[in-house]
Amino acid sequence: MAEALDATGTTDLADRCVDELSGGQRQRVWIAMVLAQKTDVLLLDEPTTFLDVSHQIEILDLLVDLNKDRGTTIIMVLHDLNLAARYSDELIAIAGGKVYASGSPQKVLTANSVREVFKLESQVIDDPVSRKPLVLPIGRHFIFAPQ
């Protein structure tokens, strides 16, 4: 358990009741409890919810490490399209309760799929860091003029 607490930066919270923790602390403690089980498969629903951006990246980097170092299969729901693209090998887009598209982030995240699944106009470009898709939403207050 100590290894899981250390990996999630929650060692100082070990003696506290979960009900006393902030949302972000609570989320990190839940992830530590899952990691302590050392299972071959992790199913995570929004593991970065309530976390500030630095802790989101820490958790996602930790999950990538688990996948690469231990061979842990990680299946997670992420609604942040850019984090999902950057940290996933495969994506599944669901619309109306059905699979709209599945495959690599490059295959699944396109301007058309974002329009169809999320009813949102966007531009999708290459992320300069990961070389995976980067979704730039276009709100109604901006004129969309294709170049």
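Structural data are supplied above this passage.
Residues numbered from 1 in each chain as written. Predicted model: local features only at pLDDT ≥ 70, side-chain atom pairs only at ≥ 80, totals over all residues. Heavy atoms only, no water.

Bringing the layout of surface pockets into the picture now. Considered as a void within the structure, the largest pocket measures approximately 890 Å³ in volume. Residue assignment for the lining of the largest pocket shows that the elements contributing at least two residues are α3 (53–70), β2 (73–77), α4 (81–87), β3 (91–95) and α6 (111–118). In the lining of the largest pocket, the residues fall into 20 nonpolar, five polar and five charged. The volume enclosed by the second largest pocket comes to roughly 150 Å³. Contributing to the lining of the second largest pocket are Met1, Glu3, Ala4, Ala7, Leu35, Ala36, Lys38, Leu62, Asp65, Leu66, Asp69 and Arg70. Those elements that place two or more of their residues in the lining of the second largest pocket are α1 (2–7), α2 (23–36) and α3. Top element by residues in the lining of the second largest pocket is α3. It accounts for five residues. (1 Å grid on protein atoms, 1.4 Å probe; cavity = no way out; pocket = protein on both sides within 12 Å on 5 of 7 lines; lining within 4 Å. Points joined across faces, edges and corners; volume = space filled by probe spheres on them. Helix = DSSP H or I, 4+ residues; strand = E, 2+ residues; numbered from the N terminus. Nonpolar A, V, L, I, M, F, W, Y, C, P; charged D, E, K, R; others polar.)

Attention now goes to the packing of α2 against α3. At their nearest, the axes of α2 and α3 sit 12 Å apart, and the two run at 10° to each other. Viewed along their axes, α2 and α3 adopt a mutual orientation that is roughly parallel. Contacts between α2 and α3 involve Arg28, Ile31 and Leu35 on the former and, on the latter, His55, Ile59, Leu62, Leu66 and Arg70. By residue class, the composition of the contact of α2 with α3 is five nonpolar, one polar and two charged. (Axes fitted to C-alpha atoms, helices over the stretch in contact; angles between N-to-C directions. Parallel < 35°, antiparallel > 145°, perpendicular 65-115°, else oblique. Contact = heavy atoms within 4.5 Å.)

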